[in-house]
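Next come the chains, spelled out residue by residue.
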Amino acid sequence: MKKTVALVLGSGAARGNAHIGVIQAVEERGYEIVSISGCSIGAVIGGVFAAGKLSEYRAWAESLDRVDVFRLLDVSFMNGGYIKGDRFFEKIQEIIGTPDIDSLPIDYTSVAVDLLNQKEFWFQRGDLISAMRASSAIPSIVSPVELNGHIYVDGGVLNPLPIIPSVSAGADYIIAVDLNGPTIMLPERIVDEAELDKTEGQPAWWLSAKSILGIGQDDSEEKAQYSPESWGRLQTVNMMFETMQESLTQYKLAGYPPDLLISIPKDISGFYEFWRAKELIDFGYEVTLKAIDDLESPSVSYHSFPKGY
């Protein structure tokens, strides 16, 4: 009989592609995932998996290049420069349809924050797409979501690693995936942005997205990845948000430690680098295999951190 797992998928934007590799590794090692609780991108990946469409989502994610990603941004300057998210979730709906959470074959919880009531909210029934969208509305970046008179934003504001909803599943193991783990000083990637820097003939949406994100503002390969001179508004806001999330995650882990913690370094990718899906999926897969070795070891170490990268 298979051992069961309640999977907790944290927030972290593009790093969330690592969740796909985590799921693949957990299933390949013979565990049955019976519950998913997720926040932000964790709610999205978890929802797609619960709907049985993870392979289709993965194929799409791995097909994206830089231009595809920035086309998905749909920045609305009439609404304070927010990303609306319509294009992204239209694609999600194309992949999974419009299922209700009640119809999913496993337990699913999407965690968001009810902004007006200033409290955490768990979506455990109703429309799955709406639950995903509410959980991933990053403050000051993605438009808040209005549902039934409530305004919802990213669950990472209060709970970036929602472990508590997974407890009731009664699984053999609770495995949590933190996308805001300690940095591991990865070698700086040299990104060829020559084509991105060409402005002639580019549509207005592309130039606007580059300006907001700070792309192409400095051609020096010596400039550090996190140098503020190269940041756009979205990257600045996201860096502040990730700092807050890292602190909150440590607090949650201290109060409700999972059976196994898989820590994905926060410096493995920029928050908007969704075009690096395959690399991040592979990273999540390899890290999880190592973590499960720890879990199954006689001298078990339940808190795992990727080594050798």
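The chain is annotated in an unreviewed UniProt entry as Patatin-like phospholipase family protein of Marinomonas colpomeniae.

Enquirer: It is not clear to me how the overall build of the chain should be interpreted in this structure. Could you clarify?
Expert: Secondary structure assignment for the chain yields eleven helices and eleven strands. Across the 309 residues of the chain, 52% fall into the buried class. A separation threshold of at least 6 residues defines the contact pool for the chain, and within that pool the share at least 24 residues apart is 73%. Summed over all atoms, the accessible surface of the chain reaches about 14,000 Å², with 51% contributed by carbon and sulfur.

Enquirer: Can you walk me through the environment of Asp-107 in this structure?
Expert: Note that Asp-107 resides in strand β5 (residues 107-114). Among the residues examined, Asp-107 registers a relative accessible area of 46% and is labelled partly exposed. Put simply, Asp-107 and Ser-166 are 59 residues apart on the chain and 8.7 Å apart in space, counted from C-alpha to C-alpha. Contact partners of Asp-107, with chain neighbours within four places excluded, come to Val-34, Ser-35, Ile-36 and Ala-169.

Enquirer: Quick question: what am I supposed to make of the packing of helix α3 (residues 54-63) against helix α11 (residues 277-296) here?
Expert: Each pair of packed helices can be described by the angle between their axes along with the distance between the axes. Between α3 and α11, the shortest axis-to-axis distance is 7 Å and the interhelical angle comes to 130 degrees. The angle between α3 and α11 falls in the class oblique. Facing Arg-58, Ala-61 and Glu-62 of α3, the residues of α11 in contact are Ala-277, Lys-278, Ile-281 and Asp-282. The residue inventory of the contact of α3 with α11, partitioned by class, reads three nonpolar, no polar and four charged.

Enquirer: Before we go on, may I ask you to explain the pairing of strand β8 (residues 150-154) in this structure?
Expert: Regular strands show a simple pattern: their side chains alternate between the two faces of the sheet. The pairing of β5 with β8 spans three bridges and is antiparallel. Residue pairing across strands places Ala-112 opposite Asp-154, the latter belonging to β8. With three bridges joining them, strand β7 (residues 145-147) and β8 adopt antiparallel strand pairing. What sits directly across from Leu-147, in β8, is His-150.

Enquirer: I tried to follow helix α6 (residues 128-135) on my own but got confused; where do I start?
Expert: Residues that lie three or four places apart on an α-helix share one face, since the helix turns once every 3.6 residues. Here α6 lies mainly inside the structure; six of its eight residues are buried. For α6, the set of buried residues is Leu-128, Ile-129, Ala-131, Met-132, Ala-134 and Ser-135.

Enquirer: Would you explain unusual backbone geometry in this entry?
Expert: For residues besides glycine, phi is generally negative; the peptide bonds are generally trans as well. A positive phi is found at Ala-13, a non-glycine position, where the angle reads about 55 degrees. Relative to the helices and strands, Ala-13 resides in the loop between β1 (4-9) and α1 (18-28). With phi around 50 degrees, Asn-148 is a residue other than glycine that occupies positive phi space. Relative to the elements of secondary structure, Asn-148 occurs in the loop between β7 and β8. For Asn-148, a relative accessible area of 78% corresponds to the exposed category.

Enquirer: I tried to follow the UniProt feature "active site" (unreviewed entry) in the chain on my own but got confused; where do I start?
Expert: In this numbering, the UniProt entry assigns the feature "active site" (unreviewed entry) to Ser-40 and Asp-154. Across 115 residues, the annotated set stays spatially compact, with a maximum C-alpha separation of 5.8 Å. Topologically, Ser-40 is positioned in the loop between β2 (32-39) and α2 (41-50). Those residues within four positions of Ser-40 in sequence are excluded, and the remaining contacts are Ser-11, Ser-135, Ser-136 and Asp-154. Inspection of the secondary structure assignment puts Asp-154 in strand β8.

Enquirer: Would you take a moment to explain the nonpolar core for this structure?
Expert: Looking at soluble globular proteins, one finds that nonpolar side chains tend to be buried together. One finds Leu-7, Tyr-57, Ile-92, Tyr-108, Met-132, Ile-262 and Ile-264 to be the most contacted residues of the largest nonpolar core, which totals 71 residues. Sorting elements by how many residues they give to this core places α11 first, with eight residues. When sequence neighbours within four positions are dropped, the list of residues in contact with Met-132 reads Ala-43, Val-44, Gly-47, Val-48, Phe-89, Ile-92, Ile-96, Tyr-108 and Ser-110. Membership of the second largest hydrophobic core comes to nine residues, among which are Ala-6, Val-8, Leu-161 and Ala-176.

Enquirer: I would appreciate a short explanation of a nonpolar patch on the surface in the present structure.
Expert: Together, Trp-122, Ile-164 and Tyr-256 make up a nonpolar patch on the protein surface, roughly 270 Å² of accessible area in all. Mapped onto the elements of the fold, Tyr-256 is located in the loop between α10 (233-255) and β10 (260-265). A residue is classified by how much of its surface remains accessible, and Tyr-256, at 45% relative accessible area, is partly exposed.

Enquirer: Looking at this model, I keep getting lost on the pairing of strand β6 (residues 119-123). Mind explaining?
Expert: Here five bridges tie β5 to β6, and the two strands are oriented antiparallel to one another. The partner of Asp-114 across the bridge, within β6, is Lys-119. Here β5 folds back onto β6 in antiparallel fashion, the turn holding four residues, of which Gln-118 has a positive phi close to 55 degrees.

Enquirer: Would you explain α2 in this entry?
Expert: Among the ten residues that make up α2, ten are buried, leaving the element largely enclosed by the rest of the structure. Taken as a whole, α2 has its buried residues at Ile-41, Gly-42, Ala-43, Val-44, Ile-45, Gly-46, Gly-47, Val-48, Phe-49 and Ala-50. Positive backbone phi, at 80 degrees, marks Gly-52, one or two positions downstream of α2.

Rules and cut-offs
- Residues numbered from 1 in each chain as written.
- Predicted model: local features only at pLDDT ≥ 70, side-chain atom pairs only at ≥ 80, totals over all residues.
- Heavy atoms only, no water.
- Helix = DSSP H or I, 4+ residues; strand = E, 2+ residues; numbered from the N terminus.
- Buried < 20%, exposed > 50% of the residue type's maximum accessible area, 1.4 Å probe, protein only.
- Contact = heavy atoms within 4.5 Å.
- Areas by Shrake-Rupley, 256 points an atom, 1.4 Å probe, with all protein chains shown as cover.
- Axes fitted to C-alpha atoms, helices over the stretch in contact; angles between N-to-C directions.
- Parallel < 35°, antiparallel > 145°, perpendicular 65-115°, else oblique.
- Nonpolar A, V, L, I, M, F, W, Y, C, P; charged D, E, K, R; others polar.
- Pairing = 2+ DSSP bridges.
- UniProt positions renumbered as here; feature names shortened; annotations may be inferred.
- Core = buried A, V, L, I, M, F, W, Y, C linked by side-chain atoms within 4.5 Å.
- Patch = residues over 30% accessible without salt bridge, like charges linked within 9 Å, V, L, I, M, F, W, Y side chains within 5 Å.
- Salt bridge = Lys/Arg side-chain N within 4 Å of Asp/Glu carboxyl O.

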